[in-house]
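Residues per chain are reported as follows:
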Amino acid sequence: MSESQVWNDVDDHFTTLLAPADETLAAALRDSDAAGLPPINVAPNQGKLLQLLAEIQGARRILEIGTLGGYSTIWLGRALPADGQLITLEYDPRHAEVARANLARAGLGEITEVRVGPALESLPKLADENPEPFDFVFVDADKVNNAHYIEWAVRLTRPGSVIVLDNVVRGGAVTDGTSTDPSVLGTRAALELIASHPKLNGTAVQTVGSKGYDGFALARVLA
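The following paragraphs examine the structure supplied in this document. (Residues numbered from 1 in each chain as written. Predicted model: local features only at pLDDT ≥ 70, side-chain atom pairs only at ≥ 80, totals over all residues. Heavy atoms only, no water.)

Side note on the overall build of the protein
- For the protein, the helix and strand inventory stands at eight helices and seven strands.
- Here the C-alpha radius of gyration of the protein, 17 Å, is about what a compact globule of 223 residues would show, namely 17 Å.
- In terms of its C-alpha atoms, the protein occupies a principal-axis envelope of roughly 45 × 45 × 30 Å.
- Among the 223 residues that make up the protein, the fraction classed as buried is 48%.
- In the protein, the share of contacts with a sequence separation of at least 24, taken over all contacts with a separation of at least 6, comes to 71%.
- Of the accessible surface of the protein, which amounts to about 10,700 Å², a share of 54% is contributed by carbon and sulfur atoms.
- In the protein, 18 positive and 29 negative side-chain charges are present, and the distance between their average locations comes to 5 Å. (Helix = DSSP H or I, 4+ residues; strand = E, 2+ residues; numbered from the N terminus. Rg over C-alpha atoms; globule rule 2.2 N^0.38 Å. Buried < 20%, exposed > 50% of the residue type's maximum accessible area, 1.4 Å probe, protein only. Contact = heavy atoms within 4.5 Å. Areas by Shrake-Rupley, 256 points an atom, 1.4 Å probe, with all protein chains shown as cover. Lys, Arg positive; Asp, Glu negative; His and termini not counted. Charge placed at Lys NZ, Arg CZ, Asp CG, Glu CD.)

Here's what the structure looks like:
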């Protein structure tokens, strides 16, 4: 049996046991696929991890950068109380349309808002609204701008808030200091920012599974 097959089998076992699909999540994936969205959503056990992290945090306000079809948004939205709010930023109008439909079917339409446009344009507009600080931020958008997204996440949060940055391993290329791949460069810059930022304390973890060899960074905002 190949190594990747072992990873997939373990993921399937964990998912079946601890993060089984329900019709709402399954329908979100089906409709995203039918609409031609790329199959780059988080794995079910990773979605469950996001939900648990947000619940452990006691999050009332969540910011997501990168919506796709709203699959991870559903997991995060389920962590919120009835009076919570989740704002998610999506570049592609078609993706946003699919996500809104998926969120409405999940019963989360009242507490979630999908904003369309480049995140680096949406984030300053959001900041201009002087919103209540976010308790939890999930960054899963274009990797080139990861460092900018982390900077905005710090600005829009409070001491104690949690930031999760996805897809940081880049198949191992994150260690290549000579890489010219924009996604690798953006990810390396974000990790270096987490390491050096006086208001952040973070780490990163490698993962293997149905999504291949990957990982995420986790940071806490300091006083």
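Digging into helix H2 (residues 23-34)
- Counted at 1.5 Å a residue, the expected span for H2 with its 12 residues is 16 Å, and the 16 Å between its end C-alpha atoms agrees.
- When H2 is considered as a whole, its buried residues turn out to be Leu 25, Ala 27, Ala 28 and Ser 32. With its buried residues spanning 160° around the axis, H2 presents them on a single face. Exposed and facing more than 90 degrees away from the buried side of H2 are Asp 33 and Ala 34.
- Capping of H2 at its N-terminal end is provided by Asp 22; its side-chain oxygen lies 3.1 Å from the backbone amide nitrogen of Thr 24.
- Of the residues flanking the end of H2, it is Gly 36, one or two places downstream, whose phi is positive at about 85°. (Expected span 1.5 Å × (residues − 1). Arc of directions from axis to C-beta. Polar contact = N/O pair within 3.5 Å; in protein donor to acceptor, adjacent residues only side chain to side chain.)

Looking at the packing of aromatic side chains
- Inspection of the entire model under this criterion finds one aromatic pair.
- Ring plane angle 85° and centroid distance 6.4 Å describe the contact between Tyr 71 and Trp 75, whose orientation is recorded as edge-to-face. One end of the pair is Tyr 71 and the other is Trp 75, both in helix H4 (residues 71-77) and four residues apart, which spans about a single turn. Accessibility classification places Tyr 71 together with Trp 75 in one group, the buried group.
- Geometry around Phe 134 places Arg 61 over its ring, the cationic atom sitting 4.4 Å from the centre. (Phe/Tyr/Trp six-rings, centres within 6.5 Å; stacked < 30°, edge-to-face > 60°. Lys NZ or Arg CZ within 6 Å of the ring centre and 35° of its normal.)

Description of the packing of H2 against helix H5 (residues 93-105)
- Contact geometry of H2 with H5 gives a least axis separation of 10 Å together with a crossing angle of 160°. It follows that H2 is roughly antiparallel to H5 by the angle criterion. The element H2 and its partner H5 pack so that their crossing is right-handed. Counting all contacts with H2, which are made through Ala 27, Ala 28, Asp 31 and Ser 32, the residues of H5 involved are Val 98, Asn 102 and Arg 105.
- Grouping the amino acids of the contact of H2 with H5 by side-chain chemistry returns three nonpolar, two polar and two charged. (Axes fitted to C-alpha atoms, helices over the stretch in contact; angles between N-to-C directions. Parallel < 35°, antiparallel > 145°, perpendicular 65-115°, else oblique. Left-handed = near helix turned anticlockwise from the far one by under 90°. Nonpolar A, V, L, I, M, F, W, Y, C, P; charged D, E, K, R; others polar.)

Remarks on helix H3 (residues 44-57)
- The end-to-end C-alpha distance of H3 is 20 Å, a good match for the 20 Å that 14 residues give at a rise of 1.5 Å each.
- Of all the residues in H3, the buried ones are Gly 47, Leu 50, Gln 51, Ala 54 and Gln 57. For H3, the arc enclosing every buried residue in end-on projection is 130°, short of the 170-degree limit, so these residues lie on one face.
- Looking at the packing, one finds that the buried side of H3 touches strand S1 (61-65), H4, strand S4 (134-139) and strand S5 (157-166).
- Positioned one or two residues after H3, Gly 58 has a phi angle of 70°, which is positive.

Considerations on the pairing of S1
- Among the five residues that make up S1, five are buried, leaving the element largely enclosed by the rest of the structure.
- In this sheet, strand S2 (residues 85-90) lies alongside S1 in parallel orientation, the contact comprising five bridges. By the bridge assignment, Glu 64 is partnered in S2 with Thr 88.
- A crossover connection joins S1 to the parallel S2 through H4; in handedness this β-α-β unit is right-handed.
- Where S1 meets S4, four bridges bridge the pair, whose relative direction is parallel. Counted as the bridge partner of Ile 65 is Val 139 from S4. (Pairing = 2+ DSSP bridges. Right-handed = clockwise from strand over helix to strand, strands pointing away.)

Remarks on the side chain of Thr 207
- Locating Thr 207 in the fold gives a position in strand S6 (residues 200-209).
- A polar side-chain atom of Thr 207 sits 3.4 Å from the main-chain amide nitrogen of Gly 215.
- Setting aside chain neighbours within four positions, we find Thr 207 in contact with Gln 46, Gly 212, Tyr 213, Asp 214, Gly 215 and Phe 216.

Limitation: the analysis is restricted to geometry and does not speak to function.
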